[in-house]
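Topology and contacts: notes
Okay, here's what each chain looks like letter by letter:
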Amino acid sequence: MPYFIGLMSGTSLDGVDAALVDISASGPPRLVATRGAPMPPALRDGLWQLCHAEQASFAELAAAEDAFCALQAEAVVGLLAETGLAAADIAAVGSHGQTIEHAPWGHNGGPAYTLQLDNPSRLAELTGCTVVADFRRRDLAAGGQAAPLAPAFHQALFRAPGQWRLVLNLGGFANLTLLPPVEDGRDPLGFDTGPANALLDAWHARHRGGNFDVDGAWAASGRVDEALLERLLAEPFFHRPPPRSTGREVFHLEWLKAHLRGDERPEDVQATLAELTAASVALGIDMARERYAAPSAECLIPCGGGAHNPDLLARLARRMPDTRLETAEAFGWSPDWLEAAAFAWLAWCRLEGQPGNLPSVTGAAGPRVLGGLFAP
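All chains use their own residue numbering, which begins from 1 and follows the written sequence. It should be noted that, the model being predicted, local features are given only for residues of pLDDT at least 70 and side-chain atom pairs only at 80 or more, the latter also being counted only at that level, while totals for whole chains, interfaces and linings use all residues. Remark: hydrogens and water are excluded; side-chain values derive from all non-hydrogen atoms of the structure.

Each helix and strand in the protein chain was counted, giving 13 helices and 12 strands. Relative to the 2.2 N^0.38 estimate, which gives 21 Å for 376 residues, the radius of gyration of the protein chain is 20 Å and therefore close to what a compact globule would have. When the backbone C-alpha atoms are referred to their principal axes, the protein chain occupies close to 60 × 50 × 40 Å. In this description, contact between two residues means that some pair of their heavy atoms is separated by no more than 4.5 Å. Intrachain contacts of the protein chain at a sequence separation of at least 6 include 69% that bridge at least 24 residues. Counting only carbon and sulfur atoms, one obtains 52% of the accessible surface of the protein chain, whose full area is about 15,300 Å². Positive residues here are Lys and Arg, negative ones are Asp and Glu, while His and the chain termini are left out of the count. A charged residue contributes its charge at one atom only: NZ of Lys, CZ of Arg, CG of Asp or CD of Glu. Seen as two clouds, the 28 positive and the 44 negative side-chain charges of the protein chain have centres 4 Å apart. Segments assigned H or I by DSSP are reported as helices when at least four residues long, segments assigned E as strands when at least two residues long, and all are numbered from the N terminus. Between the two quantities, the radius of gyration covers C-alpha atoms and the globule rule is 2.2 Å times the number of residues to the power 0.38. Each accessible area is a Shrake-Rupley result for a 1.4 Å probe, and residues are judged covered by the shown protein chains and nothing else.

Our next topic: unusual backbone geometry. Across the junction of alanine 147 and proline 148, the peptide omega takes the value -15 degrees, indicating a cis bond. For the peptide bond that leads from proline 242 to proline 243, omega is 10 degrees, which places it in the cis range. With a phi angle near 60 degrees, aspartate 134 is a residue other than glycine that sits in the positive phi range. Along the polypeptide, aspartate 134 turns up in the loop between strand E6 (131–133) and helix H4 (136–141). The backbone phi angle of alanine 293 is positive, close to 45 degrees, even though this residue is not glycine. Tracing the chain through its elements places alanine 293 in the loop between helix H10 (266–292) and strand E10 (299–303). Working definition: with a 1.4 Å probe on protein chains only, accessible area under 20% of the residue-type maximum means buried, over 50% means exposed, and in between means partly exposed. For alanine 293, a relative accessible area of 69% puts it in the exposed group.

Another aspect to go through is the packing of helix H8 (residues 226–233) against H10. Axes here refer to lines fitted to C-alpha atoms; in helices the fit is confined to the stretch in contact. Angles between the N-to-C directions go from 0 to 180 degrees. Running from N to C, H8 and H10 point in directions that differ by 45 degrees, and their axes come no closer than 10 Å. Taken together, the axes of H8 and H10 are oblique relative to one another. Relative to H10, the crossing made by H8 is right-handed. Contacts between H8 and H10 pair Leu228, Leu229, Leu232 and Leu233 from the former with Val269, Thr272, Leu273, Glu275, Leu276, Ala279 and Leu283 from the latter. In this count, Pro and Cys sit with the nonpolar residues alongside Ala, Val, Leu, Ile, Met, Phe, Trp and Tyr, while Asp, Glu, Lys and Arg are called charged and the others, Gly among them, polar. Broken down by class, the residue content of the contact of H8 with H10 amounts to 9 nonpolar, 1 polar and 1 charged. What sets the label is the angle itself: under 35 degrees gives roughly parallel, over 145 gives roughly antiparallel, 65 to 115 gives roughly perpendicular, and the rest give oblique. Here a crossing is called left-handed whenever its near helix is offset anticlockwise from the far helix by less than a right angle, and right-handed whenever the offset is clockwise.

Right, let's get into H8. Within H8 the residues assigned to the buried category are Leu228, Leu229, Leu232 and Leu233. Down the axis, H8 shows its buried residues gathered within 130 degrees of arc, on one side only. Where H8 is buried, its residues touch helix H9 (253–257), H10 and helix H11 (310–319). Polar contacts, as counted here, are pairs of nitrogen or oxygen atoms within 3.5 Å of one another; within protein the pair requires one atom able to donate a hydrogen and one able to accept it, and residues that are adjacent in sequence qualify only if both atoms are side-chain atoms. Between the side-chain oxygen at the start of H8 and the backbone nitrogen of alanine 227 there is a gap of 3.2 Å, and the oxygen is on aspartate 225. Think of the arc as the fan of directions from the helix axis to the C-beta atoms.

So, on to the sheet that holds strand E11 (residues 324–325). Strand order in the open sheet formed by 5 strands is E9-E8-E7-E10-E11, with mixed pairing between adjacent strands. Each edge of the open sheet carries a strand with a single partner, namely strand E9 (189–195) and E11. DSSP bridges decide pairing: two strands pair if at least two such bridges lie between them. With 2 bridges connecting them, E10 and E11 associate as parallel partners. Opposite cysteine 299, over in E11, you have arginine 324 as the bridge partner. Contacts from helix H5 (residues 150–158) reach strand E7 (165–170), strand E8 (173–179), E9 and E10, with the element oriented near 50 degrees to E8.

Examined against the element boundaries, histidine 96 turns out to sit in strand E4 (residues 90–103). The class of histidine 96 is buried, set by a relative accessible area of 6%. Polar side-chain contacts of histidine 96 include one of 3.1 Å to the side chain of arginine 136. Sequence-distant contacts of histidine 96, that is, excluding residues within four places in its chain, are made with Leu7, Met8, Ser9, Gln116, Asp118, Arg136 and Phe343.

A word on the nonpolar core. Nonpolar core, defined: a set of buried Ala, Val, Leu, Ile, Met, Phe, Trp, Tyr and Cys residues in which side-chain atoms within 4.5 Å join the residues together. Ranked by size, the top nonpolar core spans 35 residues in total, and within it Phe153 and Trp345 carry the most contacts. Among the secondary structure elements, those contributing two or more residues to this core are strand E1 (3–9), strand E2 (15–24), H5, E10 and helix H12 (338–352). Counting residues per element, this core draws most heavily on H12, at 11 residues. If sequence neighbours within four positions are ignored, phenylalanine 153 has contacts with Pro29, Trp333, Leu338, Ala341, Ala342 and Trp345. Formed by 32 residues, the second largest nonpolar core is a distinct cluster that contains Ala33, Leu43, Phe68 and Ala133.

Shown next as structure tokens:
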């Protein structure tokens, strides 16, 4: 069996997801097994500080990368043990790394860059597996945003004849994929729509502790502050045409605080942040539909942690009355493992010499084979 393992750690910094995927050219990818390696608090705090630091020493970066690589290896080795597979059974591990900063438009007039902490050489040593890594910078070098990369995988899984479909990843940030019907012939559109769980989690942690608002219950207890929502939606990113991608460099608690009067009830701010996610997704869908002169999509498939947030899903449904929300399980996939599986699929593309990016999504000059190869 052509087995691949995908590794993903997102902006939530809650751990490393490892997905074992059966991939071949003869059929659709199939999820075989999964394993999560929770982020140790000390590593999470260190990565959080690096993500928000104006400066960091090489020693700090190296220490965080070393600890993160060990966590990745733990996830891979544990997954192999659970499935009874050996390293030799794995064609490749696709490692995304941990994003520290993403600046596809550069910073203060400097060149575009994206930084993921990763050490694929050490990961190959620790696991005995071939590793494919550094997926984003080749697209960036070709003039692309280097993100999102998952839409190509969404196309492989969910594109169908006769239907317009949407896939929405609700991780720390939200990214959207518009899939035309197969017979349409055009490539998917995809881009980041704005914050999803990143601001919701950070505001919840500041006022109530814990890592996230379970089921969106706290947001549901508040009332949307329409004036605040209007101020937040004035952010230029929401109105920038794709290709586009974003991260904590734009959307963080200080950004939020700059829009607050100071007398808001915390639960009302949480409700407004949830509505901001729904509203910015709806804006993104309108942009995508206008670009392709597309009708309302028949269904939207939410994935990522936000797919388990009933309050957030209800807000999305209210803003998309003509589109049915469909679970990823209906298509044979868990919403929690699509991103990790995408990097298993991207590793397969690298070994096959096939492009992993979609210029219609990232804005790159053309299709590119992504990732470097690191043999054990």
